[in-house]
Structure formats: C-alpha cells, structure tokens
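# Architecture and fold: a report
Here are the chains, one letter per residue:
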Amino acid sequence: MSELNEQGNILLTLLADGEFHSGEKIGELLGVSRTSVNNYIKALQEIGLDIYKVTGRGYCSAAPITLLDKDKIEQLSNSRTVHVEQIVDSTNQWLLDRIANLKNGQSCISEYQLSGRGRRGRSWVSPFASHLYFSFYWRFDSGIDKVAGLSLLVGIATVNALEKIGVQGVSLKWPNDLYYQGKKLAGILIELNAQATEACHSVIGIGINVRMPAQQAKLIDQPWTDLTTLSSQPIDRNLLSATLINELTTLLIEYEQSGLGPHLQRWFALDYFFNKEVKLLIADRVKTGICRGINETGALLLECDGVIEPYIGGEISLRLAD
Ligand code: BTN
C-alpha cells in the first residue's frame, strides 16, 4: 500500500477542516451506507488519525489537518529533490532502496510509516499526518571516517531548524535525541552504506513529534512531548521540512570541510547533560561522572575523579545520575 484508496482520500480531505460532518453527508459523498461510513472512519483511526464521533453532530478530526505538499516544500527550500509519499515502510528504507541513484540532498518525507524504525531495532510510532517522518541523503566522498560525529551535527541542524520556525528551548541528548524539559521530542537514525575505501552513503532519518494522537501515545514507553504542546503557534510541517532541508544542506557542506570542531560550542550550549552528574550504561557496566560535553570526533566526555575520558559507541546509553 503506498496511498489511501479514493474513498479514504475523499474522507480525509473532508475531515481535514477539523469541523463536524454528519454520517449521512459522508455516506452521500462516498456513495456508501452508514455502516460502511463507520468502517471508513475506523480505517483512518487505525492508521492513527484522531477522529471523534459526537451523537447528533457527526464525525470530527481532533485538529485541522494540513497535508504534506511536495511543491510547497520545494518552493520554500529551493530544493528540487523532495519526494513525498502518503504511505511507506520507512522513509529511510525508501532512500536506501534507491541509494545508487540519489543526489546529495534528496529527501523522502511521508505521512505514514508502516514500519518506522528507531535505534537499536526499536520501532518508531508513525501515525498518519501527525508527525514528521523525514529522511535525507548525503554522500561523503572522503569515506566513512568523516561520519563519526554526523549524528551530533544533525541534532544541531534540527534544533536550528526548529528555532527558525519559532520553537525555542529544545536541547540535545548525546548522541541522537532532541529533548524538551526532560521529555523526548525527536530522534535521529543514521544508516550508512559504505565500503572501506570508497565514498560513504548516508541516510539521515529524523522523526519529530508534531501532534501526538491520544491512542498512539499509549504505545510509547518513555516520557515524550510534541511540538503542539510546546509551541503557541500551529506547526506547519511543510515549512519545517523545508527549513530542515536548508539547514542540513548548509551544515553538511561545512562539516565536510571542517568537521565538528566549529560546532562544539553550540553543542555545549544545547547539551541537556552538560556539567551535570550522569551515569553511562556500557553493556552491563555503569560508569558515573560529570558530563563535559563532546570532542571533535563526537565522543562523549566524562569526568571521573578529575580525569576526562572520551566514550563513543552505539551501545552506550546516557542517563542523569540517581
Ligand atoms: C530513535 O530515536 O530511535 C530514532 C528515531 C528515528 C525515526 C525516523 S522517522 C524518519 C526515519 N525513518 C525511519 O524509519 N526512522 C527515521
């Protein structure tokens, strides 16, 4: 399935205004019975849309829906390589499947992911038209050594983009998460395709919680927040996508030349754990100390008994000390 069927799309367009629509009117529009209307509504609810029924008034989306719009994103970003899908397995996978033919800056953005993936084999809850599921391709001609600090750079680019659309106060949690007041707002999953001596192809996946539907929230097993909760303005996912494309492009070009060095101060300013007592979970070991930020390779710096040591690796988790 790569898109809703015709009736699903008609219903979605109708409910997008956030107003009530009677079952009778919907039935007429779709050319189906009242029972079938119920089934179409259920199908939209199953993919994550928050649709309510109120007796005597009809059906209503919990909030107005603005769909992703390729033309708008391309116009706002000056990019001509934006790919928008209604339904994909995973936006990262969509790019990975086409990796041999991609140009730097190609993006794939979707309303819904059937198998959105997070780090460490977890799944990423991806309700329809609720959040941003965004993937971006970049090729590093200088090879895989260059990408050590990439996820940290992408975190900074994402915070920059959020600030540019008016969302302030977001911080970064080493190595891949965006936090707001201790709750997860967004995550980054970078997937690489590289041979030792050749160019390194990267797919940068970013998932940002925009408006969490009540039912989907029950599937998440850690403190979370979304942009709708922390912003007084409605969030325009098209503008956010375009701003992310611009920000990533600018920072990646610079990163290829100069690495992470020029961004260390910015990281320190955004680091949620900077100068706090933390514990590192490394396989079955726990190491406590004071977080002193990161170094130029993207390693976490931990101070223990006055000595600062770098830590790096996918299997390390960072927590506030008890
Ligand atoms: C994490 O915090 O575990 C990383 C989450 C990354 C989710 C994004 S959504 C867009 C892209 N496509 C995926 O399947 N995953 C990433």
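Residues numbered from 1 in each chain as written. Predicted model: local features only at pLDDT ≥ 70, side-chain atom pairs only at ≥ 80, totals over all residues. Heavy atoms only, no water.

Next up on the list: the pattern of salt bridges. If you walk through the whole model with that rule in mind, you get 9 salt bridges. Salt-bridge contacts for lysine 70 lead to glutamate 74; the nearest nitrogen and oxygen are separated by 3.1 Å. Of this pair, lysine 70 and glutamate 74 are both found in helix H4 (residues 70-77), 4 residues apart, which corresponds to roughly one turn of the helix. Notably, a salt bridge pairs arginine 292 with glutamate 303, separated by 2.6 Å at the nearest N-O pair. Residue arginine 292 is located in strand S11 (residues 285-294), and its partner glutamate 303 is located in strand S12 (residues 300-304); the two are separated by 11 residues in the primary sequence. (Salt bridge = Lys/Arg side-chain N within 4 Å of Asp/Glu carboxyl O. Helix = DSSP H or I, 4+ residues; strand = E, 2+ residues; numbered from the N terminus.)

Core analysis: the biggest nonpolar cluster contains 60 residues, and Leu132, Phe134, Ile206, Leu227, Leu248 and Leu252 have the highest contact counts within it. Here this core gets 9 residues from one element, more than from any other, and that element is helix H6 (residues 150-164). For this core, the two domains that each supply at least three residues are domain 2 (70-268) and domain 3 (273-320). Every residue in contact with leucine 132, bar those within four places of it in the chain, is listed here: Leu68, Ile109, Ile206, Gly207, Ile208, Val210, Arg237, Leu240, Ser241 and Leu244. Within the second largest apolar cluster, 20 residues are counted, among which are Leu4, Ile51, Tyr112 and Phe128. (Core = buried A, V, L, I, M, F, W, Y, C linked by side-chain atoms within 4.5 Å. Buried < 20%, exposed > 50% of the residue type's maximum accessible area, 1.4 Å probe, protein only. Domains from an automatic or database assignment. Contact = heavy atoms within 4.5 Å.)

What the rule picks out here adds up to 7 aromatic pairs. Ring centres of tyrosine 112 and phenylalanine 128 lie 6.3 Å apart, and the angle between their planes is 40°; this geometry places the pair in the tilted category. Taken together, the residues span a long stretch of sequence, with tyrosine 112 in strand S4 (residues 107-113) and phenylalanine 128 in the loop between S4 and strand S5 (132-140) at a distance of 16 residues. Just as tyrosine 112 is buried, phenylalanine 128 falls in that class too. Taking the centre distance of 6.2 Å and the plane angle of 10° together, the rings of phenylalanine 134 and phenylalanine 136 count as stacked. Grouping residues by exposure puts phenylalanine 134 and phenylalanine 136 together as buried. Members of the aromatic cluster, each reached through a chain of ring pairs, are Phe134, Phe136 and Trp138. (Phe/Tyr/Trp six-rings, centres within 6.5 Å; stacked < 30°, edge-to-face > 60°.)

What follows covers unusual backbone geometry. That bond from tryptophan 174 to proline 175 is cis: its omega, -5°, falls within 30 degrees of zero. With respect to the secondary-structure elements, proline 175 resides in the loop between strand S6 (171-173) and strand S7 (177-180). Backbone geometry places glutamine 181, a non-glycine residue, at a positive phi of 45°. Residue position: glutamine 181 is located in the loop between S7 and strand S8 (183-194). The phi angle at alanine 283 is positive, at roughly 50°, despite the residue not being glycine. Mapped onto the elements, alanine 283 comes out in the loop between strand S10 (277-282) and S11.

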